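Listed below are the residues making up each chain.
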Amino acid sequence: MTQAMETSVRVEHFGECKALLESLLQPGAASLVLDAQRGQPHPVEVMQLEPGERISLDVTAVPELLGPISRGETFSLCGEVDGAMLQSQPIAMLERLEEGGRLQFACAYPQWVDLVHRRQAFRVDLRQDMVVDVLLRPKADGEPLTGRLVNLSLGGCLVELASRQAVELQPMQVLDGLLLRFPGGQELPLVAQVRHMHS
């Protein structure tokens, strides 16, 4: 029996954060966890995202949240995205919103979110002395980008690129091709999509 392992990834890239937070706009997708009550999620509705500025939330389903939040208690937004658990950095209320008797408020827009993945597959971290070159082809007619393989699992891999090359990639971009070149001369061509970017 394979034991599931949890791995956490902090996502700070603005575009990727935006895409992940947009998934919380779906009805029933978001919950709120007060920092003082870790582990106790409360259902909330994300009404509107203003990327980089603020998020509007509705807590009418759980009116008792408004008291501690109005007093300045910080909280995190949570939800499930593509099988991973998303949790925002701790944020706080900016102002109360008047909306036809609904309990709504605006809060700060998080600068980062954590994604916690439960893995069924083992991930191999490559030793510093084991160099596996990687060729990424973002577009069929473009020049390939060259990088170094950092880790590898059945579900994906982590590739290290020079920052001047990484700017050519976007989160969720489907690559025209990815080629791993192992030290013994073996090559492994793969179909790949950019999932996360770290600086």
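Just so it is clear, the structure is predicted and the values come from calculations on it, not from any experiment.

Next up on the list: the overall build of the protein chain. Each helix and strand counted, the protein chain has three helices and 16 strands in total. Counting only C-alpha atoms, the protein chain reaches 65 × 45 × 25 Å along its principal axes. Within the protein chain, contacts between residues at least 6 apart in sequence are counted, and of these 57% link residues at least 24 apart. As displayed, the protein chain has an accessible area near 11700 Å², and 51% of this comes from carbon and sulfur atoms. When the 17 basic and 26 acidic side-chain charges of the protein chain are each reduced to a single mean position, those positions are 4 Å apart.

Before going further, it helps to spend a moment on helix α1 (residues 14-22). Within the sequence span of α1, burial applies to Glu16, Cys17, Leu20 and Leu21. Taken end-on, α1 shows its buried residues confined to a sector of 130 degrees, consistent with a single buried face.

This brings us to the pattern of salt bridges. The tally for this structure, following the rule as stated, stands at six salt bridges. Taking the shortest distance from any N to any O, the salt bridge between glutamate 187 and arginine 181 comes out at 3.0 Å. A single salt-bridge network, built from bridges that share partners, covers Glu50, Arg54 and Glu95.

This paragraph deals with the pairing of strand β5 (residues 54-58). The element β5 is largely enclosed, with a buried count of four among its five residues. In textbook terms, the turn of a hairpin is the stretch between consecutive antiparallel strands, and for strand β4 (residues 45-50) and β5 this stretch comprises three residues, one of which, glycine 52, has a positive phi near 80 degrees.

Quick look at the confidence of the model for the protein chain now. Fine structural detail should not be taken from predicted coordinates in areas where pLDDT scores are low. Scored by pLDDT, the protein chain comes out at a mean of 86, with 92% of its residues at no less than 70. Within the protein chain, the element-level pLDDT minimum falls on strand β11 (residues 124-125), averaging 74, and the maximum on β5, averaging 95.

Counting 31 residues, the largest nonpolar core has Leu32, Ile55, Leu57, Leu65, Phe75 and Phe105 as its most contacted members. With near-sequence residues (within four places) excluded, leucine 57 lies in contact with Leu32, Glu45, Val46, Met47, Phe75, Leu77, Leu103, Gln104, Phe105 and Cys107. By size, the runner-up hydrophobic cluster in this structure holds 13 residues, among which are Val132, Leu136, Leu149 and Met197.

About the criteria used
Residues numbered from 1 in each chain as written. Predicted model: local features only at pLDDT ≥ 70, side-chain atom pairs only at ≥ 80, totals over all residues. Heavy atoms only, no water. Helix = DSSP H or I, 4+ residues; strand = E, 2+ residues; numbered from the N terminus. Contact = heavy atoms within 4.5 Å. Areas by Shrake-Rupley, 256 points an atom, 1.4 Å probe, with all protein chains shown as cover. Lys, Arg positive; Asp, Glu negative; His and termini not counted. Charge placed at Lys NZ, Arg CZ, Asp CG, Glu CD. Buried < 20%, exposed > 50% of the residue type's maximum accessible area, 1.4 Å probe, protein only. Arc of directions from axis to C-beta. Salt bridge = Lys/Arg side-chain N within 4 Å of Asp/Glu carboxyl O. Pairing = 2+ DSSP bridges. pLDDT = per-residue confidence, 0-100. Core = buried A, V, L, I, M, F, W, Y, C linked by side-chain atoms within 4.5 Å.

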